[in-house]
Amino acid sequence: MVDVVVLALGEGTSCACENGACGTRTPILACRDALRTASVQVETVVAHTDAEIDAALKALPDVRLVVATAADGQLRAVMRRLVRMYAPAPSKRALSAEAIPDDRTLPDLPPIGVLPLGPDSTDLVTRLGLPRTPADVAAAVLGGNVRRLDLLRNDAGSVTLDGVLVGGVDASGSASTYLARVEVDDTVLADGTEPVLMSVVANASRYATVDGLPLILSPDMSDGILDVAVAVPRASRSLFRRPRVEIEVRRAHGRAVAITPRTDVPFVDDGAEGTLTRKRSWWMERSAWAVYVP
């Protein structure tokens with residue numbers, strides 16, 4: 001009987017990688033061997049499609065899962081499928097066998113281990129202080145200690161672990177503004193009539209500071225709230241000097257945020273690029289997912 005599944009993403013998923021698996025296989029094999037040393041039955045799975053990810057996730061919660069990830073977007077891809085599997089339809093939430101907190105739309109998700117495959121010192125694993133070596137990841141999974149973390153869902157059917165950056169640069173990489181209405185609960189940060197340089201929806205610190213500009217001051221993945229910042233350029237004039245542009249940062253936090261662009265705007269969500277073409281809403285799922293920790 002399998003006790004632990006080590007899951008990596010292959011070509012065909014939303015995060016395609018070379019050689020049939022994300023990053024190098026060496027950390028995956030080292031983690032597998034560390035688990036087997038503890039007399040644990042391990043299965044290594046490479047998923048090329050969402051259906052194959054779903055097949056691996058169906059073993060939960062009877063087995064423990066380790067997600068081998070070379071980028072935050074890959075972990076997000078697995079979490080998106082996990083949410084789809086566990087979140088009941090709105091009409092069935094009251095009848096769900098799983099207890100759902102009043103401020104959430106899904107039950108507690110099963111904990112996962114995260115095995116980083118790259119040397120990136122800025123990824124979510126590092127910023128959360130999670131173990132990075134295969135042996136330490138294996139030890140955390142075997143130890144069973146769990147840390148619960150906040151999760152953002154959105155009305156496009158996806159999730160955000162860390163944060164979203166809307167705008168900032170145009171398709172050519174140049175700084176550009178856009179028009180958008182940004183609302184956090186009952187607070188309007190931008191009404192859609194003034195140019196916005198960038199907007200950030202944060203669960204953690206990935207986009208807390210952009211190009212040296214502090215946007216989110218104290219992001220926390222376990223505080224149960226999302227943080228939002230809007231950067232608005234302002235022309236500063238004086239009698240004897242040339243006009244200069246200053247950036248006004250408006251901040252708010254709450255339960256949900258909606259961004260309604262007036263034109264198409266590029267965005268980055270947990271490192272995955274896209275274009276925002278219509279209203280998009282994100283909302284907080286407090287302590288919805290969990291990771292194994294030492």
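The paragraphs below set out a description of the structure included in this document. (Residues numbered from 1 in each chain as written. Predicted model: local features only at pLDDT ≥ 70, side-chain atom pairs only at ≥ 80, totals over all residues. Heavy atoms only, no water.)

**Let's talk about the overall build of the chain**
- Regarding its fold elements, the chain presents five helices and 19 strands.
- Expressed as a percentage of the 294 residues in the chain, the buried residues total 49%.
- Counted over contacts in the chain with a minimum sequence separation of 6, partners at least 24 positions apart contribute 69%. (Helix = DSSP H or I, 4+ residues; strand = E, 2+ residues; numbered from the N terminus. Buried < 20%, exposed > 50% of the residue type's maximum accessible area, 1.4 Å probe, protein only. Contact = heavy atoms within 4.5 Å.)

**Regarding the packing of helix H1 (residues 26-37) against helix H5 (residues 134-143)**
- Relative orientation of the contacting elements H1 and H5 amounts to 45°, with a least axis distance of 8 Å. Classified by the interaxial angle, the pair formed by H1 and H5 is oblique. Relative to H5, the crossing made by H1 is right-handed. The segment H1 lies against H5, with Pro27, Ala30, Cys31, Ala34 and Leu35 engaging Pro134, Ala135, Val137, Ala138 and Leu142.
- For the contact of H1 with H5, the class distribution of residues is 10 nonpolar, no polar and no charged. (Axes fitted to C-alpha atoms, helices over the stretch in contact; angles between N-to-C directions. Parallel < 35°, antiparallel > 145°, perpendicular 65-115°, else oblique. Left-handed = near helix turned anticlockwise from the far one by under 90°. Nonpolar A, V, L, I, M, F, W, Y, C, P; charged D, E, K, R; others polar.)

**Quick notes on the pairing of strand E9 (residues 180-184)**
- Of the two faces of E9, only one is covered, namely that formed by Ala180, Val182 and Val184; the face formed by Arg181 and Glu183 stays uncovered.
- Examined bridge by bridge, E9 and strand E16 (residues 256-261) share five bridges and lie antiparallel to one another. If you follow Arg181 over to E16, its bridge partner there is Thr260.
- As defined by bridge partners, E9 adjoins strand E10 (residues 187-191) across four bridges and the pair is classed as antiparallel. (Pairing = 2+ DSSP bridges.)

**What to know about the layout of surface pockets**
- Within this model, the second largest pocket holds a volume of roughly 180 Å³.
- Lining the second largest pocket are 18 residues; nearest its centre among them are Ala71, Asp72, Asp120, Asp123 and Leu124.
- Of all the secondary-structure elements, those providing two or more residues to the lining of the second largest pocket are helix H3 (72-86), strand E4 (112-116) and helix H4 (124-127).
- When residues in the lining of the second largest pocket are grouped by element, the largest group, three residues, is from H4. (1 Å grid on protein atoms, 1.4 Å probe; cavity = no way out; pocket = protein on both sides within 12 Å on 5 of 7 lines; lining within 4 Å. Points joined across faces, edges and corners; volume = space filled by probe spheres on them.)

**Some thoughts on the nonpolar core**
- Membership of the largest hydrophobic core comes to 37 residues, with the highest contact counts inside it found for Leu75, Met79, Leu109, Ile112 and Trp289.
- Beyond its immediate stretch of four places on either side in the chain, Met79 contacts Leu109, Ile112, Val159, Leu161 and Trp289. (Core = buried A, V, L, I, M, F, W, Y, C linked by side-chain atoms within 4.5 Å.)

**Looking at the side chain of Ser199**
- Mapped onto the secondary structure, Ser199 falls in strand E11 (residues 198-202).
- Among the polar contacts listed, one links the side chain of Ser199 to the side chain of Tyr178, at a separation of 2.7 Å.
- Ignoring sequence-local partners within four residues, the contact set of Ser199 consists of Val164, Leu165, Val166, Tyr178, Val182, Ala229, Val230 and Ile259. (Polar contact = N/O pair within 3.5 Å; in protein donor to acceptor, adjacent residues only side chain to side chain.)

**Some thoughts on helix H2 (residues 50-57)**
- For H2, the set of buried residues is Ile53, Asp54, Ala56 and Leu57. The buried residues of H2 occupy one face: seen down the axis, they fall within an arc of 160°. The outward face of H2, more than 90 degrees from its buried face, is lined by the exposed residues Ala51 and Ala55. (Arc of directions from axis to C-beta.)

**A look at the pairing of strand E19 (residues 280-292)**
- Of all 13 residues in E19, 11 are buried, a share of seventy percent or more.
- Bridge analysis of strand E5 (residues 146-154) against E19 gives eight bridges, and the strand direction is antiparallel. For Val146, the partnering residue across the bridge sits in E19 and is Tyr292.
- In this sheet, E19 lies alongside E16 in antiparallel orientation, the contact comprising four bridges. Along E19, the bridge assignment pairs Ala256 with Trp283.

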